Amino acid sequence: MTGSSCGIGAAAAEHLARHRAHVIILCPSASQGRASADALRRRVAAARVNSVMCDLAQLNQVREAAEQITQLVGGRLDLLVNNAGVAALPYTRSPAGFEMHFAVNHLGHFALTGHLLPALLGASQPRVVNVSSVLHWLGRCRTDRPHRPRRYHRWRAYFDSKAANLLFTHGLTAWARSRELPLRAVAAHPGLANTALGSRALRTDGRRLEARLLEWGQAQWHSPPEAAWPLLRAATDPHVVGGEFFGPGGRWEWSGTPVRVRAAQRAHDARAVEQLWRLSQRLTGHPFPTSPRWPVQREAHS
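Criteria and cut-off values
- Residues numbered from 1 in each chain as written.
- Predicted model: local features only at pLDDT ≥ 70, side-chain atom pairs only at ≥ 80, totals over all residues.
- Heavy atoms only, no water.
- 1 Å grid on protein atoms, 1.4 Å probe; cavity = no way out; pocket = protein on both sides within 12 Å on 5 of 7 lines; lining within 4 Å.
- Points joined across faces, edges and corners; volume = space filled by probe spheres on them.
- Helix = DSSP H or I, 4+ residues; strand = E, 2+ residues; numbered from the N terminus.
- Expected span 1.5 Å × (residues − 1).
- Buried < 20%, exposed > 50% of the residue type's maximum accessible area, 1.4 Å probe, protein only.
- Arc of directions from axis to C-beta.
- Contact = heavy atoms within 4.5 Å.
- Patch = residues over 30% accessible without salt bridge, like charges linked within 9 Å, V, L, I, M, F, W, Y side chains within 5 Å.
- Areas by Shrake-Rupley, 256 points an atom, 1.4 Å probe, with all protein chains shown as cover.
- Salt bridge = Lys/Arg side-chain N within 4 Å of Asp/Glu carboxyl O.

1. Re the layout of surface pockets
As a volume, the second largest pocket reaches approximately 580 Å³. Along its surface, the second largest pocket is lined by 23 residues, and Ala21, His22, Leu77, Asp78 and Leu79 are the ones closest to its centre. Listed by contribution, the elements that provide at least two residues to the lining of the second largest pocket are strand S1 (22-27), strand S3 (79-82) and helix H10 (229-236). If one sorts the elements of the lining of the second largest pocket by residue count, S1 sits on top with 4 residues.

2. Regarding helix H3 (residues 59-72)
The end-to-end C-alpha separation of H3 is 20 Å, in line with the 20 Å expected for 14 residues at 1.5 Å each. Within H3, the full set of buried residues consists of Leu59, Gln61, Val62, Ala65, Ala66 and Ile69. One face of H3 carries all of its buried residues, which in axial projection span an arc of 145 degrees. Along its buried surface, H3 packs onto S1, strand S2 (48-53), helix H4 (100-115) and helix H11 (270-284). Gly74, located one to two residues past H3, shows a positive phi value of around 65 degrees.

3. Describing the environment of Phe288
The topology assignment puts Phe288 in the segment after H11. As a C-alpha pair, Phe288 and His170 span 118 residues in sequence and 15 Å in three-dimensional space. Once residues within four sequence positions are removed from consideration, Phe288 is found in contact with Phe110, Thr113, Gly114, Leu117, Phe168, Leu172, Trp175, Trp277 and Gln281.

4. What about a nonpolar patch on the surface?
Residues Leu135, Trp137 and Leu138 make up a contiguous nonpolar surface patch of roughly 270 Å² in combined accessible area. Within the secondary structure, Leu138 is located in the loop between strand S4 (127-131) and helix H6 (154-178).

Okay, here's the thing in structure tokens:
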């Protein structure tokens, strides 16, 4: 599970550990990973937990992390939760020169999933959960050059990356189905959660008033353990079908019991799915051995 050192990811990791899963925490620094693993062991007696350093913005580190994970699981990985994310960053580029929201929230997870494919396919019913956002409705992943936008706005970049998470989910579903593989790719969003996502970046950038307003709103939202439920349903419900999307069932999908939800039409547009897949393959060095058989038929949604 990426992004599992705090917030929703930590809550989901703890829940899985309490149900005797072997949890591997991915963190951008080794010290943070060790501290998070130790904290989980203190909360859950006899927890099976390891940590692996993985900065999703650095593609060479993503590949190395996938190799370590494959060794830790003995070549069999049942579940990958692509949860980590950044939000509200000033214009920043990854070491490879890609806009940072797109690099971390989408490209890093695309590459990690591709490199972990042999381990995932070593399991009988492998599953990949991509964590999007209810705010993907405000995004539009422009697949011509999302990695180097002509115009930049910190929140638009975040919304666009969350739309990319859904496009990737449908591309991965098509990839698995075209090869009749048991891999299921599903998406989830937590609604509105009381975490530091976004506000920390705003404070670092000196935007204190905007950060205070966001923090005031976040204090009214539901807690990380509650927000983790859609992720956990997507990860563990035995009846999940590839391409499905889960979120809170309350008003405007801000909170509530996890249910199947509908994505914006442009977040599963067949042409955009194909274009983003081809671009992501090129930018990440082709971690997937082959591409889906395009065109992809649009999935039915509940």
